[in-house]
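Chain by chain, the residues:
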Amino acid sequence: MESFADQSHLIRDFRRFVGWTPTAFARDRRNIAYATLEGRSRAGAVRPLSLLS
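As the structure is a computational prediction, the values presented were derived from the model and not from experiment.

Draft legend 1. Molecular detail of the side chain of H9. As for its placement among the helices and strands, H9 is situated in helix α1 (residues 7–18). Of the residues examined, H9 reaches a relative accessible area of 19% and is grouped as buried.

Draft legend 2. Spatial organisation of the environment of R40. Note on placement: R40 falls in helix α3 (residues 32–42). Sequence separation of R40 and G19 is 21 residues, and the distance between their C-alpha atoms is 4.8 Å.

Draft legend 3. Structural context of the packing of aromatic side chains. A complete count under the given rule lists 1 aromatic pair for this structure. Ring geometry for F14 versus F25: centroids 5.7 Å apart, planes at 75°, classification edge-to-face. With F14 in helix α1 and F25 in helix α2 (residues 22–27), this pair connects stretches of sequence that are 11 residues apart. A cation over a ring is seen here: R40 above F17, with NZ or CZ 4.8 Å from the ring centre. Across the ring face of W20, the terminal group of R42 is positioned such that the distance to the ring centre comes to 4.1 Å.

Parameters at a glance
- Residues numbered from 1 in each chain as written.
- Predicted model: local features only at pLDDT ≥ 70, side-chain atom pairs only at ≥ 80, totals over all residues.
- Heavy atoms only, no water.
- Helix = DSSP H or I, 4+ residues; strand = E, 2+ residues; numbered from the N terminus.
- Buried < 20%, exposed > 50% of the residue type's maximum accessible area, 1.4 Å probe, protein only.
- Phe/Tyr/Trp six-rings, centres within 6.5 Å; stacked < 30°, edge-to-face > 60°.
- Lys NZ or Arg CZ within 6 Å of the ring centre and 35° of its normal.

By themselves these figures say nothing about function.
Rendered as structure tokens:
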């Protein structure tokens, strides 16, 4: 598990991976898997993400 030097580092990495800020992600009322995939698409992610339940 990666540790973060400060909150801005966590937010930057979260947004880069998920495509949303943590606050926006938490406020979204849709399915978490759908929101993650949509956010990654908006962020320009080229590598596919496999979500397992």
